[in-house]
Amino acid sequence: MHCVRKVTDDLYWVGANDKRLNLFENIHPIPRGTSYNSYLLMDEQTVLFDTADWSVCRQFLDNIEYVLDGKKLDYMVINHMEPDHGASIEEILLRYPDVKIICSVKAADFMRQFRFHTDNVETVKEGDVKSFGKHQVTFVMAPMVHWPEAMVSFDTTNGVLFAADAFGSFGSLDGKLFADEVNFDRDWLDDARRYYTNIVGKFGANVQNLLKKAAGLDIKYICPLHGPVWRQDFDYILDKYNKWSTYTPEEKGVMIAYASMYGNTEAAANILATKLCEKGIANVALYDVSCTHVSYLIAEAFKYSHLALFSVTYNLNVFPVMANFLEDMAALNLQNRTVATVCNGTWAPQAGPKMIEAVSKMKNTTLLNEGLTVASSLNEDTYAQLEQLADTIAESLQ
Ligand code: FEO
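The structure presented is a predicted model; accordingly, all values stated were derived computationally and were not measured. (Residues numbered from 1 in each chain as written. Predicted model: local features only at pLDDT ≥ 70, side-chain atom pairs only at ≥ 80, totals over all residues. Heavy atoms only, no water.)

A. Highlighting the packing of helix 6 (residues 204-215) against helix 7 (residues 234-245). Viewed as axis vectors pointing N to C, helix 6 and helix 7 meet at an angle of 145°, and their least axial separation amounts to 8 Å. In this structure, helix 6 meets helix 7 at a crossing whose hand is left-handed. Of the residues in helix 7, those touching helix 6 at G204, A205, V207, Q208 and L211 are L238, Y241, N242 and S245. Residue composition of the contact of helix 6 with helix 7, by class: five nonpolar, four polar and no charged. (Axes fitted to C-alpha atoms, helices over the stretch in contact; angles between N-to-C directions. Helix = DSSP H or I, 4+ residues; strand = E, 2+ residues; numbered from the N terminus. Left-handed = near helix turned anticlockwise from the far one by under 90°. Contact = heavy atoms within 4.5 Å. Nonpolar A, V, L, I, M, F, W, Y, C, P; charged D, E, K, R; others polar.)

B. Representation of the UniProt feature "domain: Flavodoxin-like" (unreviewed entry) in the protein in the model. Within this structure's numbering, the places UniProt gives as "domain: Flavodoxin-like" (unreviewed entry) are residues 254-394. Helix makes up 44% of residues 254-394 and strand 27%, and the two end C-alpha atoms of the span are 10 Å apart. (UniProt positions renumbered as here; feature names shortened; annotations may be inferred.)

C. The arrangement of the environment of L189 in detail. Residue placement: L189 occurs in helix 5 (residues 184-200). Residue L189 is classed as buried on the basis of its relative accessible area, which comes to 5%. With 112 residues separating them in the primary sequence, L189 and A301 have C-alpha atoms 15 Å apart. Leave out the neighbours within four places in its chain, and L189 touches F184, Y236, K240, W244 and E250. (Buried < 20%, exposed > 50% of the residue type's maximum accessible area, 1.4 Å probe, protein only.)

D. Highlighting the nonpolar core. Formed by 59 residues in total, the largest nonpolar core has its most connected members in V7, Y39 and F184. Broken down by element, this core gets its largest block of residues, eight residues, from helix 5. In contact with Y39, other than residues within four places in its own chain, are V7, L11, Y12, W13, V14, V47, L48, F49, F162, C223, P224 and V229. Membership of the second largest hydrophobic core comes to 31 residues, among which are Y12, Y36, I101 and F116. (Core = buried A, V, L, I, M, F, W, Y, C linked by side-chain atoms within 4.5 Å.)

E. Seen up close, the environment of G352. By the secondary structure assignment, G352 is in helix 11 (residues 351-360). Residue classification places G352 among the buried residues on the basis of a relative accessible area of 6%. Between the C-alpha atom of G352 and that of K252, which follows or precedes it by 100 residues, the distance is 25 Å.

F. Expanded view of the sheet that holds strand 16 (residues 221-223). Across the sheet, which stays open at both edges, the five strands sit in the order 12-13-14-15-16 with mixed pairing between neighbours. At either margin of the open sheet sits one strand with a lone partner, and together these are strand 12 (129-131) and strand 16. Each strand of the sheet is rotated relative to its neighbour by a mean of 20°, with strand direction disregarded. In terms of strand pairing, strand 14 (residues 151-155) meets strand 15 (residues 160-162) through three bridges, oriented antiparallel. Its bridge partner being in strand 15, S153 is matched across the sheet by F162. (Pairing = 2+ DSSP bridges.)

G. Looking closely at helix 1 (residues 57-68). Taking 1.5 Å as the rise per residue, helix 1 with 12 residues should run 16 Å; its terminal C-alpha atoms sit 16 Å apart, in good agreement. Residues of helix 1 that are buried include every one of C57, F60, L61, N63, I64, V67 and L68, and no others. Taken around the axis of helix 1, the buried residues stretch over an arc of 160°, which confines them to a single face. Of the exposed residues in helix 1, the ones pointing more than 90 degrees away from its buried face are R58 and E65. The elements touched by buried residues of helix 1 are strand 2 (11-13), strand 7 (39-42), strand 8 (46-49) and helix 3 (89-95). Following helix 1 by one or two positions, D69 adopts a phi angle in the positive range, close to 50°. (Expected span 1.5 Å × (residues − 1). Arc of directions from axis to C-beta.)

Next comes the structure, spelled out in structure tokens:
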């Protein structure tokens, strides 16, 4: 049975939600599920904007059949070929064999690589315009947001931007299609940040290019491929995207992430958090990297201005989960942060120099200390050094 929503008088959301999937891209936990958004425009020519993941294909097909109501499907615009959106292309081709695909040249290549069987493809390039009757749609290339073939489509007739992966979020919609139907800041922002930073975070410069192009458009609706549709409060979400894509911290505050084996490093991290709060720095978030998925750590690292990283030494190196976090920060291009490090080791405490080496490679990063080294557990001297570190962090937050 169909489950659709109207976006405008002749544009329908025909996507679907998946709450069964545990790991997005088989790596990022999604306890709130995800939506796969697809949109069907009922103009003189009917146009489907992107398809959906294979897991929701049945619902997706029911939705299309209902909205078409016996009309044929004329066009399918593929803004993004990643299989969470492109997987159902072949099924659409089987059911609507006359449908013509509109996509970038690179997306057509990818379609062949994924072995979709169609010759009915019209490739478009930057600025090409297509009329479907009442609606005129302009195609805008958006390479590396988040794959190289990506483009966005802008309906100049009603101001709808089909934004591909941009402006997306983890989380299933649960009936609420529009961002103004939910308390986005309270209930969605954390997942939107985690989605952006982990999926598109590496490609900030490309996102900035797209935002510059979008600034010239009279946008009334932003229709992403995941998460809620935006039809108001554009300044709010654009501000977030500007900060995330320029690696500008959203908040002055301290993320403390610790890797501890027997609790001594954890104790030191807790003492730093306590000292900071005593000094009036209450915007502190404390994470045990061993029991926090790295996608959450990355999102928090993008959020806060200051990072305090604590690691025990393991195999003469950084503790593996902290090493993974550091690697991910580098892979996702995190920069413009102020960082302090604290290392623990009972003998040969090597985690400190290795953390400093990793952090030094991040662009525009300020190291607040030479690395504080704890021998097994805090003593009076290292406790005093930790207090001094809290002073240094507090000063740098002024
Ligand atoms: Fe949801 Fe890059 O795909």
